[in-house]
Amino acid sequence: MVREAEPLVGGWRRRFDSSARAGVPAHVTVLFPFLDIDRIGPAVIDDLSVLIGEHSPFAVRFDTCRRFPEVLYLAPTPEQPFRALTEAVVARWPEAPPYGGQFAEVIPHLTVAHGQQAQVFHEVEAALTPRLPITAHVSSVSLFVSDGTRWHQHVEFPLLG
């Protein structure tokens with residue numbers, strides 16, 4: 001989660017990103033989808049705790065908006081710590097490739113708007129850009145699970161490095 005971004009992007013996300021309306025706060029995804037909730041037991045939680053705990057906390061800056069075809073997002077600098085977390089989790093659970101294996105490269109990002117018309121992306125970007133950068137300190141990774149309607153934080157794993 002990127003709590004520091006919520007005051008700036010929260011309103012936009014609630015309007016233009018369905019995951020925000022479903023309970024997901026401002027964040028940079030480490031891995032989605034992960035394992036089915038039925039597989040997330042004590043052993044998986046313990047493995048995640050050790051794996052994520054091996055990484056160090058880090059500072060990140062979001063100073064630019066970028067786009068994928070269907071997404072307006074804030075780009076993190078540096079992005080390598082996010083990539084390293086993703087790579088570590090995927091190495092442990094290769095049956096859960098990022099985004100179901102849809103993309104050759106996973107680009108760390110903080111989604112602000114998704115599935116909107118280009119004009120909406122222009123409007124949101126124009127409003128956000130003068131208020132950037134956002135700086136944040138990432139000291140944990142949260143596992144969110146869905147009950148079919150809403151997403152809920154299940155466990156938070158500290159970065160202990």
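Conventions used here
- Residues numbered from 1 in each chain as written.
- Predicted model: local features only at pLDDT ≥ 70, side-chain atom pairs only at ≥ 80, totals over all residues.
- Heavy atoms only, no water.
- Pairing = 2+ DSSP bridges.
- Helix = DSSP H or I, 4+ residues; strand = E, 2+ residues; numbered from the N terminus.
- Axes fitted to C-alpha atoms, helices over the stretch in contact; angles between N-to-C directions.
- Contact = heavy atoms within 4.5 Å.
- Salt bridge = Lys/Arg side-chain N within 4 Å of Asp/Glu carboxyl O.
- Buried < 20%, exposed > 50% of the residue type's maximum accessible area, 1.4 Å probe, protein only.

Caption draft 1: Representation of the sheet that holds strand 4 (residues 134–138). Within the open sheet, the 4 strands sit side by side as 3-2-1-4. Their pairing is antiparallel. Among the strands making up the open sheet, the edge pair consists of strand 3 (110–114) and strand 4. Taking the axes of each pair of neighbouring strands and ignoring which way they run, one obtains an average angle of 30 degrees across the sheet. Alignment of strand 1 (residues 58–68) against strand 4, held across 5 bridges, turns out to be antiparallel. Residue arginine 61 lies in a different strand from strand 4, and its bridge partner there is threonine 135. Packed on one face of the sheet, helix 4 (residues 80–92) meets strand 1, strand 2 (71–77) and strand 4 and runs near 90 degrees to strand 1. Seen against the sheet, helix 5 (residues 118–128) touches strand 1, strand 2 and strand 3 and runs at an angle of roughly 145 degrees to strand 1.

Caption draft 2: Representation of the pattern of salt bridges in the model. Evaluated as defined, the whole model comprises 9 salt bridges. For arginine 14, the salt bridge is made with glutamate 6, and the minimal N-O distance between the two is 3.8 Å. Given a relative accessible area of 46%, arginine 14 falls into the partly exposed group. Taking relative accessible area as the criterion, glutamate 6 reaches 26% and is therefore assigned partly exposed. In this structure, the salt-bridge partner of arginine 39 is glutamate 95, at a minimum N-O distance of 2.8 Å. Of this pair, arginine 39 sits in the loop between helix 2 (18–21) and helix 3 (42–53) while glutamate 95 sits in the loop between helix 4 and strand 3, placing them 56 residues apart in sequence. Each of Glu79, Arg83 and Glu105 takes part in one network of salt bridges that share partners.

Read these as geometric descriptors, not functional statements.
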